[in-house]
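Listed below are the residues making up each chain.
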Amino acid sequence: MELTVVIVNYRVKYLLEQTLRSVEQAMQGMTGEVIVVDNLSGDDSIAFSRERHPEVTYIENKENVGFARANNQAIMQARGEFTLILNPDTIITPRCLQEGIAWMQSHPKCGAIGARMMDGNGVFLPESKRAFPTPWVSFCKIFGLSKLFPRSPWFAKYHLRYLSDLEPQCIDILSGAYMLCRTDVLQRMGGFDEDFFMYGEDIDLSYRIVKAGYENWFLPTPMVHYKGESTHKDSMRYVRVFYDAMLIFYRKHFPRFNVIFYPIVKLGVIVRAGMAMAKRFIKRLLPSKATPASENWPWVIISTDAATVAQRAGIGDYKTDIPASGCHNVLIDDGCHTYAQVVDYIREHSDKARLAFHIFADRHGIIISPKMS
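Residues numbered from 1 in each chain as written. Predicted model: local features only at pLDDT ≥ 70, side-chain atom pairs only at ≥ 80, totals over all residues. Heavy atoms only, no water.

A. Main features of the environment of C96. Within the fold, C96 resides in helix 4 (residues 94-106). Spatially, the C-alpha atom of C96 lies 7.9 Å from that of A26, the residues being 70 residues apart in sequence. (Helix = DSSP H or I, 4+ residues; strand = E, 2+ residues; numbered from the N terminus.)

This is the structure in structure tokens:
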């Protein structure tokens, strides 16, 4: 068996369905298996998926055991030569798998591979490639130096923005949203460290892969990940959970820096939490702007049967080609486009200032949007 795909689900019914369909298309011609672990979603997402994808193996937890432990449940029974750790809010293509596996087969020292992740509007997600959070790298991130000097190899190592995202790069950290790993390496290491409940487990695993003598690589193969790190970065919960995860990482891998680093991180948490509170307070004081995103923008429907899509989606006026000017919602019909075509279309037409992309799920007659929960 070539590949095992592991997906941990939590309350993303329609996004999971879309991810499973993209995986199904991407794995055509390959021998493999797909394992979905549900962390007590409390909805009908597994029953919904099982009816439409009976070939998938489902593990239904009786409690939310966290990202690391849920992944490990599947990793330890994986039978493929390679294992893909994949988020349930992603869209992958055959190229992701074909190019990743080919790279690993031609690079014996490669232990894991990441892809060029874009958000739902085709904007590159910087967490696709990162450096290890050494004391200096962490200091620059916590206190904003990496934002002040985003292209500096000295100050902005965390997201490696000075390295091209259009070429293969040997990097330190891969995102847990998409990690293509050698299964034997993954299983020998015991998978993810379950001390991490959410955030940080991908950093820890990437670090252990490198310590074991392997390399982590970023490949510029495009894919879509709806919820990048930026989604939660201004929330109090994100600040606390993310930096707590960094402390776990430091206690484990850099114990000699604990005395120095612990108070720095704690100070960083206070600063970031204060900034998050200030932003929220200012937003409440200021009058709300006109509809920020795309609720009132006109529609463009990309389909061989735009009239039927419009009727089923409840859209009145629409165009079938993107105009040269003006802001528009772009609805791509997955009934007449493969997910590889969808991803390529979003990448080629990405314009975050004036276009918002959505996918019409032909099977269900609903619009899949980046803002869906």
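B. Main features of the pattern of salt bridges. Scanning the model with the defined rule gives 15 salt bridges in all. R21 serves as the salt-bridge partner of D334, at 3.3 Å between the closest nitrogen and oxygen. Of this pair, D334 sits in the loop between strand 12 (328-333) and helix 12 (339-349) while R21 sits in helix 1 (residues 13-26), placing them 313 residues apart in sequence. On the accessibility criterion, D334 (4% relative accessible area) is buried. For R21, a relative accessible area of 13% gives the class buried. (Salt bridge = Lys/Arg side-chain N within 4 Å of Asp/Glu carboxyl O. Buried < 20%, exposed > 50% of the residue type's maximum accessible area, 1.4 Å probe, protein only.)

C. The arrangement of the side chain of D202 in detail. Turning to its location among the elements, D202 is positioned in helix 8 (residues 201-211). Residue classification places D202 among the buried positions, given a relative accessible area of 10%. Side-chain polar atoms of D202 contact the backbone nitrogen of G176, separated by 3.0 Å. If near-sequence neighbours (up to four positions away) are discounted, D202 is found in contact with R130, I173, L174, S175, G176, M179 and F192. (Polar contact = N/O pair within 3.5 Å; in protein donor to acceptor, adjacent residues only side chain to side chain. Contact = heavy atoms within 4.5 Å.)

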